[in-house]
Amino acid sequence: MEYTVKGLAELSGVTPRALRWYDRLGLLKPGRTTEAGYRLYSPAEVDRLQQILFYRELGLPLVEIKDILDAPDFDRQGALQSHLRILRQRKERLDLLIGTVEHTLLKEKGEIVMSDKEKFEGLKRELTEKNDRLYGREAREQYGAESVDSAQRNLMGLSPEGFQGWQELDQRLRKGLCDAVRGGKDPAGAEGEMLARLHREWLTILMPDCDDARQRGIAELYVMDERFTAYYDGETSGCAQFLRDAVEAYTRGEG
């Protein structure tokens with residue numbers, strides 16, 4: 001069976017505009033185009049769109065999805081098995097979060113006693129798995145699997161107070177970056193050094209052996225990877241670059 005743009009949009013929930021954009025990118029070309037100019041999608045394109053949506057759900061950018069699907073060694077069955085494994089892990093994480101919320105509600109009603117550890121267990125697991133899903137591959141390639149796994153274990157092992165403190169450091173860092181960029185501060189100046197030290201403190205909680213070279217490498221990712229850049233530039237553009245430059249100056253003694 002073949003589908004028009006409109007038919008495939010209704011089937012998949014993807015907008016016609018997105019399908020046309022996928023076509024322009026070469027990500028999802030129609031099987032054929034009629035003399036009247038209508039795009040028609042065959043079962044093969046329907047299967048490819050399903051894979052695209054699976055990878056989009058995992059947070060991959062379109063360019064990377066295209067590279068994966070166009071690779072000569074792409075294995076559809078293997079990809080589906082990988083998707084299923086990730087979705088099951090996500091389900092376990094959601095079940096844990098649901099359980100945490102349910103227990104918190106019962107605690108608020110005075111029906112049960114909930115420990116501080118239980119309050120944060122689901123949140124820590126959610127953050128750990130989200131970070132691994134988004135950045136795990138790159139981090140393992142650059143720093144090794146053991147280093148990344150160790151950082152994840154350290155996160156899961158944080159006490160409620162430690163976890164809250166770690167999150168507060170991140171909030172202070174991002175606010176400080178926004179203020180510095182908006183104020184036109186010098187990354188190699190006093191504000192830059194303060195933020196670079198704050199960044200090191202934040203990193204060291206999960207990576208006690210973090211040194212100058214590792215901090216520079218991590219900060220470099222903030223400007224090389226659009227996902228990291230988007231995280232730091234969410235409120236103010238230029239924060240990721242400021243932090244990268246501040247860390248460079250701080251770790252090389254240029255401040």
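Residues numbered from 1 in each chain as written. Predicted model: local features only at pLDDT ≥ 70, side-chain atom pairs only at ≥ 80, totals over all residues. Heavy atoms only, no water.

Attention now goes to the packing of aromatic side chains. Taken as a whole and judged by the stated rule, the model has three aromatic pairs. Measuring from ring centre to ring centre gives 4.7 Å for Tyr-222 and Tyr-232, while their planes differ by 45 degrees; the resulting arrangement is tilted. Placement of the pair is Tyr-222 in helix H10 (residues 212-224) and Tyr-232 in helix H11 (residues 226-232), with a sequence separation of 10 residues. What makes Tyr-232 buried here is its relative accessible area of 5%. (Phe/Tyr/Trp six-rings, centres within 6.5 Å; stacked < 30°, edge-to-face > 60°. Helix = DSSP H or I, 4+ residues; strand = E, 2+ residues; numbered from the N terminus. Buried < 20%, exposed > 50% of the residue type's maximum accessible area, 1.4 Å probe, protein only.)

Quick look at the nonpolar core now. Leu-173, Leu-177, Trp-202, Tyr-222, Tyr-232 and Leu-243 are the most contacted members of the largest nonpolar core, which has 28 residues in total. At the level of elements, helix H8 (160-182), helix H9 (190-206), H10, H11 and helix H12 (239-251) are the ones that each hand at least two residues to this core. Among the elements that make up this core, the one with the highest residue count is H8 (seven residues). Ignoring sequence-local partners within four residues, the contact set of Tyr-222 consists of His-199, Trp-202, Phe-228, Thr-229, Tyr-232, Ala-240 and Leu-243. (Core = buried A, V, L, I, M, F, W, Y, C linked by side-chain atoms within 4.5 Å. Contact = heavy atoms within 4.5 Å.)

It is at 11 Å that the axes of H9 and H10 come closest, and there the two elements cross at 100 degrees. On the basis of the axis angle, H9 is roughly perpendicular to H10. Contacts between H9 and H10 involve Ala-196, His-199, Arg-200, Trp-202 and Leu-203 from the former and Asp-212, Gln-215, Ile-218 and Tyr-222 from the latter. Of the residues in the contact of H9 with H10, the class split is five nonpolar, two polar and two charged. (Axes fitted to C-alpha atoms, helices over the stretch in contact; angles between N-to-C directions. Parallel < 35°, antiparallel > 145°, perpendicular 65-115°, else oblique. Nonpolar A, V, L, I, M, F, W, Y, C, P; charged D, E, K, R; others polar.)

As a further point, take H12. Here H12 contains 13 residues, and its C-alpha end-to-end distance of 18 Å stays within 8% of the 18 Å for a straight helix at 1.5 Å per residue. Every buried residue of H12 is listed here: Cys-239, Ala-240, Phe-242, Leu-243, Ala-246, Val-247, Glu-248, Ala-249 and Thr-251. Where the residues of H12 are buried, they touch H8, H9, H10 and H11. Of the residues trailing H12, Gly-253 is marked for its positive phi of about 65 degrees. (Expected span 1.5 Å × (residues − 1).)

Charged atoms that come close allow side chains of opposite charge to pair. One pass over the full model with this rule turns up 15 salt bridges. Taking the shortest distance from any N to any O, the salt bridge between Asp-170 and Arg-174 comes out at 3.3 Å. Placement of both Asp-170 and Arg-174 in helix H8 is noted, with a separation of four residues, approximately one turn of the helix. Judged by relative accessible area, Arg-174 falls into the partly exposed class, the value being 30%. With a closest N to O distance of 2.9 Å, Glu-220 and Arg-244 form a salt bridge. Here Glu-220 is found in helix H10, whereas its partner Arg-244 is found in helix H12, with 24 residues between them in sequence. The exposure class assigned to Glu-220 is partly exposed, which follows from its relative accessible area of 25%. Judged by relative accessible area, which is 23%, Arg-244 ranks as partly exposed. Overlapping salt bridges bring together Asp-23, Lys-29 and Arg-39 as one network. (Salt bridge = Lys/Arg side-chain N within 4 Å of Asp/Glu carboxyl O.)

If you trace the backbone, Glu-45 turns up in helix H3 (residues 43-57). For the buried Glu-45, which has no salt bridge, the nearest side chain bearing the opposite charge is Arg-48, at an N-O separation of 7.7 Å. At 3.2 Å, the side chain of Glu-45 and the backbone nitrogen of Gly-31 are in polar contact. Sequence-distant contacts of Glu-45, that is, excluding residues within four places in its chain, are made with Leu-28, Lys-29, Pro-30, Gly-31 and Leu-40. (Lys, Arg positive; Asp, Glu negative; His and termini not counted. Polar contact = N/O pair within 3.5 Å; in protein donor to acceptor, adjacent residues only side chain to side chain.)

Time to look at the packing of H8 against H9. Remark: H8 packs on H9, axes separated minimally by 10 Å, with the N-to-C direction vectors making an angle of 155 degrees. Comparing the axis directions of H8 and H9 gives the class roughly antiparallel. In the packing of H8 onto H9, the handedness of the crossing is left-handed. Contacts between H8 and H9 involve Trp-166, Leu-169, Asp-170, Arg-172, Leu-173, Gly-176, Leu-177 and Ala-180 from the former and Leu-195, Leu-198, His-199, Glu-201, Trp-202, Ile-205 and Leu-206 from the latter. Looking at the contact of H8 with H9 residue by residue, the class counts come to 10 nonpolar, two polar and three charged. (Left-handed = near helix turned anticlockwise from the far one by under 90°.)

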